[in-house]
Amino acid sequence: RAKGEGPGRVTFFDTSMHDQVRERTELEAALRQALGAGQMYVAYQPIVGTESGQPVGAEALVRWVHPERGQVPPSVFIPIAEEAGLIGVIGTWVRQEALRQLSEWRQDGTVGADFYLSINVSPRQLTDPELPLIVAGELGRFGVPAHCVALEMTESVMVDGSRVTGQVLSELRKLGLKLLIDDFGTGFSALGYLRRFPVTGVKIDRSFVTGLGSSTEDEEIVRAVVAMSHALGLSVIAEGVETPLQQGALAAMGVPNGQGWLWGPAVPAAEFAAHWHAGGRAALAAATTTTSQP
Ligand code: C2E
Ligand code: MG
Ligand code: MG
Ligand code: MG
């Protein structure tokens, strides 16, 4: 990469690589302590009806507050966790915390009976043949029905997936969990895996949502995904919806559900409950009506 840039550049490049390695080693060491030290929490982002704006579920997204650096984005620490063999422990914690939270919200009426939580899983987690049994046990322990839980995975799981992964997915599906393809469209894969694996839905990557309302190509891609999903009986969620223009385009194209800053970012559980409480919204609307009367 440094070719033709002179020896000075090469030295500089080496130094910065050295810094990167040290940075990475430091983060990995800190990450090993993070869970035990209570530095992680789960944030929840609503998944809503594109027309109604009402939540049908939420995505659970892990957060790490480093004692000195503050928030470290998952795009930085999840790959480190995967390489360092920590993703299993972190993934299990996120799943159990999310299920515990969902159980609480179901009991206190924050969410309705069909509200679901969508949990990200790394490819590595799906190579554990015990996973379906473990998840079944957790559903029982927290009293959460399987249809209220979705697992999100990227296309790479299907493309590189071993026989074990296929088996694990089949068993999870048999339990009744939803299985969603995350960042759909960004993989390089042939779509044959949609037939081979028991996928129940796709999440259209934000990169195709961005141009809706202004780019005909993005519109055509989304249209094609909707047609395909409809033919295969898959659910569709649009990711990264930021503007009313995008929302309008999605609703017009028949994309039923969406997620994005237009409706709300991922927030801590208490904030989510305060903002999206099923009964609370009605109560708030009523209160507003009352106070606005003369
Ligand atoms: P993802 O699963 O595709 O999650 C969506 C990402 O888009 C989240 O970033 C979310 O905060 C962000 N986002 C949501 N709405 C908008 C929007 O309107 N505009 C824009 N620009 N961004 C939006 P986040 O939380 O930083 O997570 C990044 C990725 O880290 C996730 O992408 C997921 O792949 C991974 N991740 C997060 N939590 C977990 C976890 O518990 N386990 C695993 N294995 N991966 C996780
Ligand atoms: Mg996701
Ligand atoms: Mg996603
Ligand atoms: Mg994405």
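The structure presented is a predicted model; accordingly, all values stated were derived computationally and were not measured.

Calculation criteria
- Residues numbered from 1 in each chain as written.
- Chains lettered and ligands numbered in written order.
- Predicted model: local features only at pLDDT ≥ 70, side-chain atom pairs only at ≥ 80, totals over all residues.
- Heavy atoms only, no water.
- Near = heavy atom within 4 Å.
- Polar contact = N/O pair within 3.5 Å; in protein donor to acceptor, adjacent residues only side chain to side chain.
- Areas by Shrake-Rupley, 256 points an atom, 1.4 Å probe, with all protein chains shown as cover.
- Helix = DSSP H or I, 4+ residues; strand = E, 2+ residues; numbered from the N terminus.
- Contact = heavy atoms within 4.5 Å.
- Phe/Tyr/Trp six-rings, centres within 6.5 Å; stacked < 30°, edge-to-face > 60°.
- Buried < 20%, exposed > 50% of the residue type's maximum accessible area, 1.4 Å probe, protein only.
- Lys NZ or Arg CZ within 6 Å of the ring centre and 35° of its normal.
- Donors = N, O, S within 2.8 Å, 3.2 Å for Na, K, Ca; no water.
- Core = buried A, V, L, I, M, F, W, Y, C linked by side-chain atoms within 4.5 Å.
- Axes fitted to C-alpha atoms, helices over the stretch in contact; angles between N-to-C directions.
- Parallel < 35°, antiparallel > 145°, perpendicular 65-115°, else oblique.
- Left-handed = near helix turned anticlockwise from the far one by under 90°.
- Nonpolar A, V, L, I, M, F, W, Y, C, P; charged D, E, K, R; others polar.
- Expected span 1.5 Å × (residues − 1).
- Pairing = 2+ DSSP bridges.

A. Expanded view of the site of ligand 1. For ligand 1, the set of nearby residues contains 20 residues, the closest of which are Gln45, Arg63, Asp182, Glu242 and Trp261. In the environment of ligand 1, an oxygen atom lies 3.0 Å from a nitrogen or oxygen atom belonging to the side chain of Glu59. Measuring from a nitrogen atom of ligand 1, one finds a side-chain N or O atom of Ser122 at 3.0 Å. Its free accessible area being 800 Å², ligand 1 has 81% of it covered by the protein chains.

B. The environment of Pro74, seen in detail. The topology assignment puts Pro74 in helix H2 (residues 74–83). Here Pro74 is in contact with Val62, Arg63 and Pro79, once residues within four sequence places are set aside.

C. Up close: the packing of aromatic side chains. What the rule picks out here adds up to six aromatic pairs. Aromatic pair Trp105 and Phe272: ring centres 5.0 Å apart, planes at 25°, arrangement stacked. Here Trp105, found in helix H3 (residues 87–108), pairs with Phe272, found in helix H11 (residues 269–276); they are 167 residues apart in sequence, far enough to count as distant. For the pair formed by Trp105 and Phe272, the shared burial category is buried. Both rings, one in Phe115 and one in Phe272, keep their centres 6.2 Å apart while their planes meet at 65°; by these two values the pair is edge-to-face. Here Phe272 lies in helix H11 and Phe115 lies in the loop between H3 and strand S4 (116–120), a separation of 157 residues in the sequence. Assessed through its relative accessible area of 8%, Phe115 is described here as buried. Connected via pairs of aromatic rings, a cluster forms that spans Tyr44, Trp105, Phe115, Phe272 and Trp276. Across the ring face of Tyr116, the terminal group of Lys178 is positioned such that the distance to the ring centre comes to 5.1 Å.

D. Inspection of the coordination of the magnesium ion (ligand 2) at higher detail. Protein coordination of the magnesium ion (ligand 2) is provided by Glu59 (OE), Asn120 (OD1), Glu152 (OE) and Asp182 (OD), with donor distances spanning 2.0 to 2.3 Å. We note that the donor set of the magnesium ion (ligand 2) lies within a single chain, spaced as E-x60-N-x31-E-x29-D. Between the magnesium ion (ligand 2) and the magnesium ion (ligand 3), the interatomic distance is 3.4 Å, and Asp182 donates to each metal, bridging them. Within this pair, whereas Asn120 is found in strand S4, its partner Asp182 is found in strand S6 (residues 178–184), the two being separated by 62 residues in sequence.

E. Looking closely at the nonpolar core. Counting 78 residues, the largest nonpolar core has Leu31, Tyr44 and Met153 as its most contacted members. Listed in part, the five residues of the second largest apolar core include Tyr116, Ala150, Leu180 and Ile237.

F. Looking closely at the packing of helix H4 (residues 131–142) against helix H6 (residues 163–175). In contact at an axis separation of 9 Å, H4 and H6 are set at 25° when each is read in the N-to-C sense. Looking at the two axes, H4 sits roughly parallel to H6. The handedness of the crossing between H4 and H6 comes out as right-handed. Contacts between H4 and H6 involve Leu131, Pro132, Val135 and Ala136 on the former and, on the latter, Val168, Glu171, Leu172 and Leu175. For the contact of H4 with H6, the per-class residue count stands at seven nonpolar, no polar and one charged.

G. Structural view of helix H9 (residues 216–232). Here H9 spans 24 Å end to end across 17 residues, near enough to the 24 Å set by a 1.5 Å rise per residue. All buried positions along H9 are accounted for by Asp218, Val222, Val225, Val226, Met228 and Ser229. Tucked inside the fold, the buried residues of H9 contact S6, helix H7 (193–196), strand S7 (201–204), helix H8 (206–209), strand S8 (235–238) and helix H10 (244–252). Looking at where H9 begins, the residue whose side-chain oxygen comes 3.3 Å from the main-chain nitrogen of Glu217 is Ser215. Just beyond H9, the residue with positive phi is Gly233, at close to 70°.

H. Examining the side chain of Thr110 more closely. Examined against the element boundaries, Thr110 turns out to sit in the loop between H3 and S4. Looking at Thr110, the relative accessible area reads 3%, which means it is buried. A distance of 2.6 Å separates the side chain of Thr110 from the side chain of Asp108, its partner in a polar contact. If we ignore the near neighbours within four places in the chain, the residues touching Thr110 are Trp105, Ala273, Trp276, His277 and Ala278.

I. Geometry of the pairing of S6. Buried residues dominate S6, accounting for five of its seven residues. Two elements, strand S5 (residues 149–154) and S6, share five bridges in a ladder whose sense is parallel. Within S6, the position partnered with Met153 by the bridge is Ile181.

J. Examining unusual backbone geometry more closely. Of note, Asp183 is a non-glycine position whose phi angle comes to about 50°, a positive value. Within the secondary structure, Asp183 is located in strand S6. By relative accessible area, which is 27% here, Asp183 ends up partly exposed.

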